[in-house]
Amino acid sequence: GQIRIKAGHLEVLDGAEISTAVFNGPGEAGDLTITADSFVVDGVNANNINASISSSVFWNQNGSTTGSGGDIRITARDLQVTDKGSITTRNVSNGPGNAGSINIDTETLEVSGGGFLSSTRLNFGTGGAGDINIDAGNVRVAGPSPEGWSTGIFSLASVAASSAGAVNIAADSLQLVDGAQINSRTFGPGAGGTISIAADKVLIEGMDPLTGNIARV
């Protein structure tokens, strides 16, 4: 089923999660819609499980899981995805099906400290990763965590004939700094997605001091 949340201030912290998922058999993961004035996704718990918003289709050993992940839609004045927090759609089944899209409408988006937005199509199933669409005033994507978690916005597909999704960002300003990345790529024969940035001001600079990776699109 679907999840819809409307709140003034919403926090998902320290390994907590809000999720929809398919674990076994045919079916579609539900959409997840959040409307809030301010929204924070931040932190890991003692088992190093990160705070997350997700819609997933998981792998089943008998290969019976089929279907697509749900879409995530977030509307907020201020959205922070920090300290390894994540907003993700993923499909890791061996059957057909896509990962869902991520759609964000916000005045201010900060992704930092190992936080990430991602849509991934993994394993040997067919289908594609979802698109990531961001409509924002100011976007700042900054730096790794001290433990080396990468910070960024990613649409990724693995070794099967799967395609990555598009990343579309429309903003007044975009800062991509200290090794953070925006990436749409595959690790097999499928096509990488397009990356489209429409912004009045764009700053891309700096390096991750742990890995030597530079900030890049």
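Okay, so let's go over this structure. All figures in this text were calculated on a predicted structure; none of them were measured in a lab.

What follows covers unusual backbone geometry. A positive phi angle, near 50°, is found at Asp83, a position not held by glycine. Positive phi outside glycine occurs at Lys84, with the angle close to 75°. Residue classification places Lys84 among the buried residues on the basis of a relative accessible area of 4%.

Of all 6 residues in strand S6 (residues 86–91), 5 are buried; the element is thus mostly enclosed. Pairing of strand S4 (residues 52–57) with S6, which is carried by 6 bridges, proceeds in the parallel orientation. Following the sheet pairing, Ser52 is matched in S6 by Ser86.

So, on to the sheet that holds strand S2 (residues 17–22). Reading across from one edge, S2-S4-S6-S8-S11-S14 is the order of the 6 strands in this open sheet, with parallel pairing throughout. Looking at the sheet topology across the chains shown, the edges are occupied by S2 and strand S14 (181–186). Across the sheet, the mean angle from the axis of one strand to that of its neighbour is 0°, orientation sign disregarded. Across 6 bridges, the pairing between strand S11 (residues 152–157) and S14 is parallel. For Leu156, the partnering residue across the bridge sits in S14 and is Arg185.

Here Ser101 lies in the loop between S6 and strand S7 (102–112). A polar contact is formed between the side chain of Ser101 and the side chain of Asn103, at a distance of 3.2 Å. Look past the residues within four positions of Ser101 in its chain and what remains in contact with it is Gly70, Asp71, Ile72, Thr89, Gly130 and Asp131.

Our next topic: the sheet that holds strand S3 (residues 32–42). Reading across the sheet, the 7 strands line up as S1-S3-S5-S7-S10-S13-S15 and stay open at both edges, with parallel pairing between neighbours. Whereas interior strands pair on both sides, the edge strands pair on one side only; in this sheet they are strand S1 (3–13) and strand S15 (195–205). Within the sheet, the average angular offset between the axes of one strand and its neighbour, ignoring direction, is 0°. Bridge count between S1 and S3: 10 bridges; the pairing is parallel.

A word on the pattern of salt bridges. By the definition in use, this model includes 6 salt bridges. Across the pair Asp37 and Arg77 runs a salt bridge, and its minimum N-O distance is 2.9 Å. Here the residue Asp37 occupies a position in strand S3, and Arg77 occupies one in strand S5 (residues 72–82), the gap between them amounting to 40 residues. The class for Arg77 is partly exposed, based on a relative accessible area of 40%. The salt bridge involving Arg73 is made with Asp71; its shortest N-O contact spans 3.6 Å. One connected set of salt bridges, linked through shared partners, spans Asp31, Asp71 and Arg73.

Once that is clear, we can look at the nonpolar core. Phe39, Ile53, Ile74, Ile87, Leu117, Ile134 and Ile153 are the most contacted members of the largest nonpolar core, which totals 35 residues. Elements that contribute at least two residues to this core include exactly S1, S3, S5, S7, strand S10 (132–142) and strand S13 (167–177). With residues near it in sequence (within four places) discarded, Leu117 still touches Val81, Ile87, Ile104, Leu109, Val111, Ile132, Ile134, Gly152, Ile153 and Phe154.

Next up on the list: the side chain of Ser52. You can see Ser52 is positioned in strand S4. When its relative accessible area of 8% is taken as the criterion, Ser52 is described as buried. Aside from chain neighbours lying at most four places away, what touches Ser52 is Val12, Ala16, Glu17, Ile18, Val41 and Ser86.

What follows concerns a nonpolar patch on the surface. Together, Ile195, Val202, Ile204 and Val217 give the surface a local cluster of nonpolar side chains, amounting to about 310 Å² of exposed area. Mapped onto the secondary structure, Val202 falls in strand S15. A relative accessible area of 47% means that Val202 is categorised as partly exposed.

Here is what the cut-offs are and how they apply
Here the residue index of a chain counts from 1 through its sequence in written order. It should be noted that, the model being predicted, local features are given only for residues of pLDDT at least 70 and side-chain atom pairs only at 80 or more, the latter also being counted only at that level, while totals for whole chains, interfaces and linings use all residues. Side-chain metrics in this entry use all non-hydrogen atoms of the structure; hydrogen atoms and water are not considered. Partly exposed describes any residue whose relative accessible area lies between the buried limit of under 20% and the exposed limit of over 50%, with all areas from a 1.4 Å probe on protein chains only and scaled to the type maximum. To qualify as a helix, a DSSP run of H or I must reach at least 4 residues; to qualify as a strand, a run of E must reach at least 2; elements of each kind are numbered from the N terminus. DSSP-based pairing: two strands are paired if at least 2 bridges between them are found. Interaxial angle, 0 to 180 degrees, is taken between N-to-C directions of lines fitted to C-alpha atoms, where a helix line uses only the stretch in contact. Each polar contact in these results corresponds to two N or O atoms within 3.5 Å; when the atoms are within protein, one needs to be able to donate a hydrogen and the other to accept it, and residues that are neighboring in sequence are counted only if both atoms are side-chain atoms. Contact definition: two residues touch when any of their heavy atoms are within 4.5 Å. Any Lys or Arg side-chain nitrogen found within 4 Å of a carboxyl oxygen on Asp or Glu counts as a salt bridge. Put simply, a nonpolar core is a bunch of buried Ala, Val, Leu, Ile, Met, Phe, Trp, Tyr and Cys residues held in one set by side-chain atoms that sit within 4.5 Å of each other. Patches were defined on residues exceeding 30% relative accessible area and lacking a salt bridge, with like-charge contacts within 9 Å and nonpolar side-chain contacts (Val, Leu, Ile, Met, Phe, Trp, Tyr) within 5 Å. All accessible-area figures derive from a Shrake-Rupley calculation using a 1.4 Å probe, and residue coverage is judged against the displayed protein chains alone.

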